[in-house]
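Commentary on secondary and tertiary structure
Below are the chains, spelled out letter by letter.
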Amino acid sequence: MGAERRDSQPLLDRLGKLIVEGKDAATYLWQVPDDQATRARLKEVLESIKRESAARGRREMPVLCDELLVALRATPSPQQVDLLQDGFDRLYKMWEAAKTGLL
């Protein structure tokens, strides 16, 4: 079973953990869209992802983080939360592709 897990999903490094944490927080916002503590944490996570990915030479991830930071400043709404979740899905796919050597 352990070998199957390694083949299907790379082990989470710091960047991967940040992305998963951000996705979980964005999912939580569906239940409590105006939770300011979660929004503040999401901002910190996005800024950390931006720094970490830029340090690794990733160009598309910091740009996406900037877009998500703009979305995060918008008025809480289902559309905003949907944008955040989609953005974290995209970040995860970019991270996973880079981690598995596809990018």
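Conventions and cut-offs
- Residues numbered from 1 in each chain as written.
- Predicted model: local features only at pLDDT ≥ 70, side-chain atom pairs only at ≥ 80, totals over all residues.
- Heavy atoms only, no water.
- Helix = DSSP H or I, 4+ residues; strand = E, 2+ residues; numbered from the N terminus.
- Buried < 20%, exposed > 50% of the residue type's maximum accessible area, 1.4 Å probe, protein only.
- Contact = heavy atoms within 4.5 Å.
- Areas by Shrake-Rupley, 256 points an atom, 1.4 Å probe, with all protein chains shown as cover.
- Expected span 1.5 Å × (residues − 1).
- Polar contact = N/O pair within 3.5 Å; in protein donor to acceptor, adjacent residues only side chain to side chain.
- Core = buried A, V, L, I, M, F, W, Y, C linked by side-chain atoms within 4.5 Å.
- Salt bridge = Lys/Arg side-chain N within 4 Å of Asp/Glu carboxyl O.

Counting its secondary structure elements, the chain contains five helices and zero strands. Scanning the chain from its N terminus toward the C terminus, one meets helices and strands in the order α-α-α-α-α. For the chain, buried positions account for 38% of its 103 residues. Restricting to contacts in the chain with at least 6 residues of sequence separation, those with at least 24 account for 64%. Counting only carbon and sulfur atoms, one obtains 54% of the accessible surface of the chain, whose full area is about 6300 Å².

Right, let's talk about helix α2 (residues 14–28) for a bit. With 15 residues, α2 ought to run about 21 Å at 1.5 Å a step, and its terminal C-alpha atoms sit 21 Å apart, in line with that. Where α2 is concerned, the buried positions are L15, G16, L18, I19, G22, A25 and A26. Where α2 is buried, its residues meet α3 (36–55), α4 (60–73) and α5 (78–99). For α2, the N-terminal capping position is held by D13, with its side-chain oxygen 3.3 Å away from the main-chain nitrogen of L15.

All right, on to the nonpolar core then. Grouped together as the largest cluster of nonpolar side chains are 24 residues, with contacts concentrated most on I19, L46, I49, L84, F88 and L91. Among the elements of the structure, α2, α3, α4 and α5 are those that each provide at least two residues to this core.

Per the counting criterion, the structure on display carries ten salt bridges. With a closest N to O distance of 3.6 Å, K99 and D13 form a salt bridge. Taken together, the residues K99 in helix α5 and D13 in the loop between α1 (2–8) and α2 connect sequence positions 86 residues apart. Across the pair E47 and K43 runs a salt bridge whose closest N-O atoms are separated by 3.5 Å. Residue E47 and its partner K43 are located together in helix α3, separated by four residues, close to a single helical turn. Accessibility expressed as a relative area gives 29% for E47, which makes it partly exposed. Look at K43 and you get partly exposed, because its relative accessible area is 43%. Through salt bridges with shared partners, one network takes in D13, R14, E52, R56 and K99.

Relative to the 20 Å expected for 14 residues at 1.5 Å per residue, α4 spans 21 Å between its end C-alpha atoms, a close match to the ideal helical length. What α4 keeps buried is the set M61, P62, L64, C65, L68, L69, A71 and L72. In this structure, the buried side of α4 is in contact with α2, α3 and α5.

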